[in-house]
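Structural overview
Residue strings, one per chain:
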Amino acid sequence: MKLAFALIIFVLATASVPAAVAHDDVAMTLGAEVVSVPVGPYAYCLEDPSGALSFERVTAPPAAKSFIRNERSVPAWGFTRSAFWLRFSFVADANAPRDWVLELSYPLMDFIELYVPDERGSYRRIDAGYRYPFSQRGNGHPLFVFSLSVKPGARGTAYLRLAGGDRIEAPLTLWRADAFHDKTINEQYVLGMYYGLMLVIVIFNLIMFISVRDRAYLRYVFFIVAIGFYQLTQDGLAYKFLPAGITPFNHYIIASIAAIEVFAILFTQSYLNTATMVPRLHRALFVVLMVPVCIFAASFVLDYTTSIQLIVITTLISIGLALFVGVRVLLANYRPARFFMAAWGFTLTGAAISSLKNLGVLPANFFTIYSLHIGTAIELIILTIGLGDRITILRREKDAAQAEKLDAQRIMVESLMQSHRELEDAFRELARTEERYRRLVEDSSDIIFTLDNAGTVLSINRAIERHFSVSPDMVIGMHFQTLLFRGGGPTDSNRFVIEKLEQFLRDRETAQFKAEFRSPIVSEPKEMLVQLESLDFSGREEIRGTASPITEDTLLSALVEDRQTYRIGNYLLAAEDVSHRITRNLRRYEDQHTTTMLRVALREMIINAIEHGNLGISYDEKTRAITEGAYFEFVSARQADPRFRDRTVTIEYHITSDGCRYTVTDEGDGFDHRARMSVSVAELNSRREIHGRGILMATSFFDAISYNETGNAVTLVKRFRGGRP
């Protein structure tokens, strides 16, 4: 049975249909001058909450007398689970044309039952609706239309039953057939221009995205496509091209509204640069963005009525938030916000006019019928212009930044040239006073030396004799590293100093660090403060360095108690620096040798906390890295790993006249400390292990060492002269 434009032959005669104008209904008059008649003012309505009333029951008492005349231009009941019956009557005068078309211009009505009188005086039922295959309509019209053949002078009464999960409304119009044909052609022109404009804007913005790679264009394209799909559903066109039954609820409207919300929010974020302009609202937009996605997913479980009501509520929230963001950015004098607010203004105005037309407040004409189409079309044009203007602004800002950068570079070059000239003057002055400087160097108590770029000692003053009992001639030609005390293992002072030296050679910036030296003759190490700087002697680059004895703290004798806590990151150089800091006051109670050994032991425990605790480096991994000569590279990779990079090591200590107590705590998973502490030096030597001696070293120099149960915190105790810390 054909549903859309199904031919329903009315041969209505006064004698053949006795109930033609029953129930004293006000009937519409059909005549030669009538182009169209809105059915609403002539409709009588009956609500069926159970949805169980049959045609036979509503046409017989008492239901037939329960119909209430509609007082609105368009009968509408919103979202409801009830079914509704409409009854309307008509009278054709003697000059009335025979061909008429009944149009229901709401394409989302799920179930429609039309009952019209036939030639035999009974009623014939026609089924239609959104839930039926589009192919049953037969004529391809996107709306629900029915062709009527009315005999001049005839009278009749028709019944219409409406039901479904969407909103229930009945924008019914009875058209003269030729007028309806003209109206359909005009609609096709208008909709063709509207969707053609959308297609042009989509193609233009896709080209712009490919050209400038600004994701705002791509998000805008998806936003336009979502609006277009929504309008296709509202115009009844989407159902013509998409198969029914593709989703459990058989409606595409939820998907289209959710897509509009998602891409509108994404476009708002990009277009208004909310991450910079309004960071908090930027995060709020992300939260709101997830709501329609969740509702769309839930719509496969929830019934359609609940789903569409939820999506409509979230749409109002999203629009309100987007407008609020637009106002905030506009008040910040961000120019693209002007286009944004103007575009949304036209869309909301069009939606308001369309709603007022549907409520009967405004008359139905070309402007009110297509107000939403006009509003969204203007919105798309304004936003496209705004995107172009935004690119112009970004280019201007880029050009200004480039110009500023060039000015800064010019100033920097001039400054460097000036510095270069000043440096040349200084070198000339240095040459004139070289002899005087040499005498000052030789008489200095600090060791003053020069190195080449490879680290070989080129010259050194006689202070080396006073500190290490060796002549300058013995040291000249030796590599700087050979003067360092070798404590053994990959984390001794030698390796830290090497890293400092390599960093200095890369950056050529003055470096200062503490290092332990030993004489080729005397094996006892001596800690000194080293400073390196790069100098250019008439185009010949050399490294000038000093090694100064570390002087005693003048307030050290006044120390009574020292208690502090440090928290450091996962850097081995930090372990070296903090070990110096936390042991400097031990000289109050211990000699230099003991203080140095305690510091070395503490440094090893801190390095263990960094390597094996926070960075999770196993014994085998460290052995392999050392063997391959890539130890520091391996540690750097672990330091950058997101799993470990934010971990810290906490060092707490307490020094009194009785002794000292140090606690080192890492944020790792701990280890089997009992098994490790049971290993002897002999075992390590027999296995030829190249590291892993930190705990044994600490045990040798501290009086007591203990771990917590987990193994990520160690406490070390040293007693002074038999005291108890």
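Here, the structure is the one placed above.
The following refers to the structure shown. (Residues numbered from 1 in each chain as written. Predicted model: local features only at pLDDT ≥ 70, side-chain atom pairs only at ≥ 80, totals over all residues. Heavy atoms only, no water.)

1. Notes on the packing of aromatic side chains
Cut-off, in case you're wondering: Paired rings are identified among Phe, Tyr and Trp, the last through its six-membered ring, by centres lying within 6.5 Å, and are further divided according to the angle between planes into stacked (under 30 degrees), edge-to-face (over 60) and tilted (the rest). A helix here means a DSSP run of H or I that spans at least four residues, while a strand means a run of E at least two residues long, and both kinds are numbered starting from the N terminus. When a residue's accessible area, from a 1.4 Å probe over protein chains only, is under 20% of the maximum for its type it is buried; when over 50% it is exposed; and in between it is partly exposed. Only lysine NZ and arginine CZ atoms are considered, and such an atom sits over a ring when it is within 6 Å of the ring centre and within 35 degrees of the ring normal.
Taken as a whole and judged by the stated rule, the model has 22 aromatic pairs. Residues Tyr 589 and Phe 720 carry aromatic rings whose centres are separated by 5.0 Å and whose planes lie at 20 degrees to one another, so their mutual orientation is stacked. Here Tyr 589 is found in the loop between α16 (572–583) and α17 (592–614), whereas its partner Phe 720 is found in the segment after β24 (713–719), with 131 residues between them in sequence. Assessed through its relative accessible area of 8%, Tyr 589 is described here as buried. Considering the side-chain rings of Tyr 653 and Tyr 662, the 5.5 Å spacing of their centres and the 25 degrees angle between planes classify their relative orientation as stacked. Grouping residues by exposure puts Tyr 653 and Tyr 662 together as buried. Through a chain of ring-to-ring contacts, three or more aromatic side chains come together here, namely Phe 55, Phe 67, Trp 85, Tyr 115, Tyr 123 and Tyr 159. Looking at Arg 87, its charged tip hangs above the ring of Phe 67, at a distance of 4.4 Å from the centre. In this structure, Arg 213 packs its charged tip against the face of Phe 209, placed 5.8 Å from the ring centre.

2. A short note on the side chain of Thr 268
Heads up, the rule is: A contact between two residues is defined here by any heavy atoms of the two lying within 4.5 Å.
For Thr 268, the location among the structural elements is in helix α5 (residues 253–271). Using a relative accessible area of 1% as the deciding quantity, one classes Thr 268 as buried. If near-sequence neighbours (up to four positions away) are discounted, Thr 268 is found in contact with Asn 273, Thr 274, Leu 285, Ala 322, Val 325 and Phe 340.

3. A closer look at the environment of Asp 577
Along the polypeptide, Asp 577 turns up in helix α16. Taking relative accessible area as the criterion, Asp 577 reaches 44% and is therefore assigned partly exposed. Counting along the chain gives 63 residues from Asp 577 to Lys 514, while the straight-line C-alpha distance between them is 8.6 Å.

4. A word on helix α3 (residues 215–234)
For the record, the criterion: For a helix, the expected span equals 1.5 Å multiplied by the number of residues minus one.
For α3, spanning 20 residues, the distance from its first C-alpha to its last is 29 Å, which sits close to the expected 28 Å at 1.5 Å a residue. Taken together, the buried positions of α3 are Ala 216, Tyr 217, Arg 219, Tyr 220, Val 221, Phe 223, Ile 224, Ala 226, Ile 227, Gly 228, Gln 231 and Thr 233. Positive backbone phi, at 80 degrees, marks Gly 236, one or two positions downstream of α3.

5. Remarks on the nonpolar core
Proteins that are soluble and globular tend to have nonpolar side chains buried together. Operational definition: What makes a nonpolar core is a set of buried Ala, Val, Leu, Ile, Met, Phe, Trp, Tyr and Cys residues whose side-chain atoms join them at distances within 4.5 Å.
In this structure, Tyr 220, Phe 223 and Val 325 are the most contacted members of the largest nonpolar core, which totals 46 residues. Non-local contacts of Tyr 220, meaning those with residues more than four positions away in its chain, are made with Ile 201, Asn 205, Phe 267, Glu 379, Leu 380, Leu 383, Thr 384 and Leu 387.

6. Notes on the sheet that holds β24
Strands pair in a sheet through their backbones, by hydrogen bonds, and they do so in one of two ways: parallel or antiparallel. Note the threshold: One bridge is not enough; two strands pair if DSSP finds at least two bridges between them. Note on method: axes are straight lines fitted to C-alpha atoms, helices fitted across the in-contact stretch only, with angles between N-to-C directions ranging 0 to 180 degrees.
If you trace the 5 strands from one edge of the open sheet to the other, you get β20-β21-β22-β24-β23, paired in antiparallel fashion. This sheet does not close on itself; its edge strands, each paired only once, are β20 (562–568) and β23 (704–707). Mean inter-strand twist for the sheet, computed between neighbouring axes without regard to direction, equals 10 degrees. Two elements, β20 and strand β21 (residues 649–655), share 7 bridges in a ladder whose sense is antiparallel. Of the residues in β21, the one forming a bridge with Gln 564 is Tyr 653. Seen against the sheet, α16 touches β20, β21 and β22 (659–665) and runs at an angle of roughly 175 degrees to β20. In this fold helix α22 (residues 694–701) packs onto β23 and β24, with an angle of close to 140 degrees to the strand it touches most, β23.

7. Some words on the pairing of strand β12 (residues 155–163)
β12 sits mainly inside the fold: 8 of its 9 residues count as buried. Bridge analysis of strand β7 (residues 83–92) against β12 gives 8 bridges, and the strand direction is antiparallel. By the bridge assignment for β12, Phe 84 is matched with Leu 162. Across 5 bridges, strand β9 (residues 111–117) lies against β12 in antiparallel orientation. Bridge pairing in β12 links Tyr 115 to Tyr 159.

8. Focus on unusual backbone geometry
Following Pro 61, the chain continues to Pro 62 via a peptide bond in cis, the omega torsion being 0 degrees. By secondary structure assignment, the location of Pro 62 is in the loop between α1 (55–58) and β5 (68–69). The backbone phi angle of Asn 273 is positive, close to 55 degrees, even though this residue is not glycine. Within the secondary structure layout, Asn 273 lies in the loop between α5 and α6 (274–277).

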